[in-house]
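Geometric and topological summary
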Amino acid sequence: QSTAKGGQKPEVDEGLQPLLVSVDDVGRLLSVSARTVWRLDSAGKLPMAVRVGGQKRWRRDELTAWVADGCPNRKEWQSRLAELDWPIGGGGDR
């Protein structure tokens, strides 16, 4: 987690759900290890991540929709998003 000026952690509203989640958070959401998240990502089996500050993050709402849709592979998921006119994320791997 980033730190505020002076090395202190920024104040966080505990009721606020982050828009983007880390590899560890994705692992917790999917009940798998962070290592498994990296493997799934490398194999194209997760939605595309975005890069923020050089680190990969995934959109929480997209992960939720992806799971609800049966966890299709990335290529199929991107096609479904295009059909739904969902703003396709990613760009972090380009």
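As a starting point, this report considers the structure included with it. As the structure is a computational prediction, the values presented were derived from the model and not from experiment.

**Structural notes on the environment of M48**
- By secondary structure assignment, the location of M48 is in the loop between α2 (34-42) and β2 (50-52).
- Expressed as a C-alpha distance, the spacing of M48 and E62, which sit 14 residues apart in the sequence, is 9.4 Å.

**Points about the sheet that holds β2**
- Pairing is antiparallel in the open sheet, where three strands are placed in the order β1-β3-β2. Here the strands that pair on one side only, and so sit at the sheet edges, are β1 (20-21) and β2.
- In terms of strand pairing, β1 meets strand β3 (residues 55-59) through two bridges, oriented antiparallel. The partner of V21 across the bridge, within β3, is W58.

**Points about the side chain of K56**
- Relative to the elements of secondary structure, K56 occurs in strand β3.
- In terms of polar contacts, K56 uses its side chain to reach the side chain of D41, at 2.5 Å.

**Quick look at the packing of helix α1 (residues 23-30) against α2**
- Running from N to C, α1 and α2 point in directions that differ by 95°, and their axes come no closer than 8 Å. Compared by their axis directions, α1 and α2 come out roughly perpendicular. Between α1, through V23, D24, V26 and G27, and α2, the contact on the second element is made entirely by A34, V37 and W38.

**Structural notes on a nonpolar patch on the surface**
- Judged by side-chain polarity, L19, L20 and V52 come together as a nonpolar surface patch covering roughly 290 Å² of accessible area.
- By secondary structure assignment, the location of L20 is in strand β1.
- A relative accessible area of 32% places L20 in the partly exposed class.

**Notes on unusual backbone geometry**
- Residue S31 is not a glycine yet carries a positive backbone phi of 60°.
- Its place among the elements puts S31 in the loop between α1 and α2.
- Backbone geometry at C71 places phi at a positive 60°, although glycine is not the residue there.
- Inspection of the secondary structure assignment puts C71 in the loop between α3 (60-68) and α4 (74-83).

Each value, and the rule that gives it
Residues numbered from 1 in each chain as written. Predicted model: local features only at pLDDT ≥ 70, side-chain atom pairs only at ≥ 80, totals over all residues. Heavy atoms only, no water. Helix = DSSP H or I, 4+ residues; strand = E, 2+ residues; numbered from the N terminus. Pairing = 2+ DSSP bridges. Polar contact = N/O pair within 3.5 Å; in protein donor to acceptor, adjacent residues only side chain to side chain. Axes fitted to C-alpha atoms, helices over the stretch in contact; angles between N-to-C directions. Parallel < 35°, antiparallel > 145°, perpendicular 65-115°, else oblique. Contact = heavy atoms within 4.5 Å. Patch = residues over 30% accessible without salt bridge, like charges linked within 9 Å, V, L, I, M, F, W, Y side chains within 5 Å. Areas by Shrake-Rupley, 256 points an atom, 1.4 Å probe, with all protein chains shown as cover. Salt bridge = Lys/Arg side-chain N within 4 Å of Asp/Glu carboxyl O. Buried < 20%, exposed > 50% of the residue type's maximum accessible area, 1.4 Å probe, protein only.

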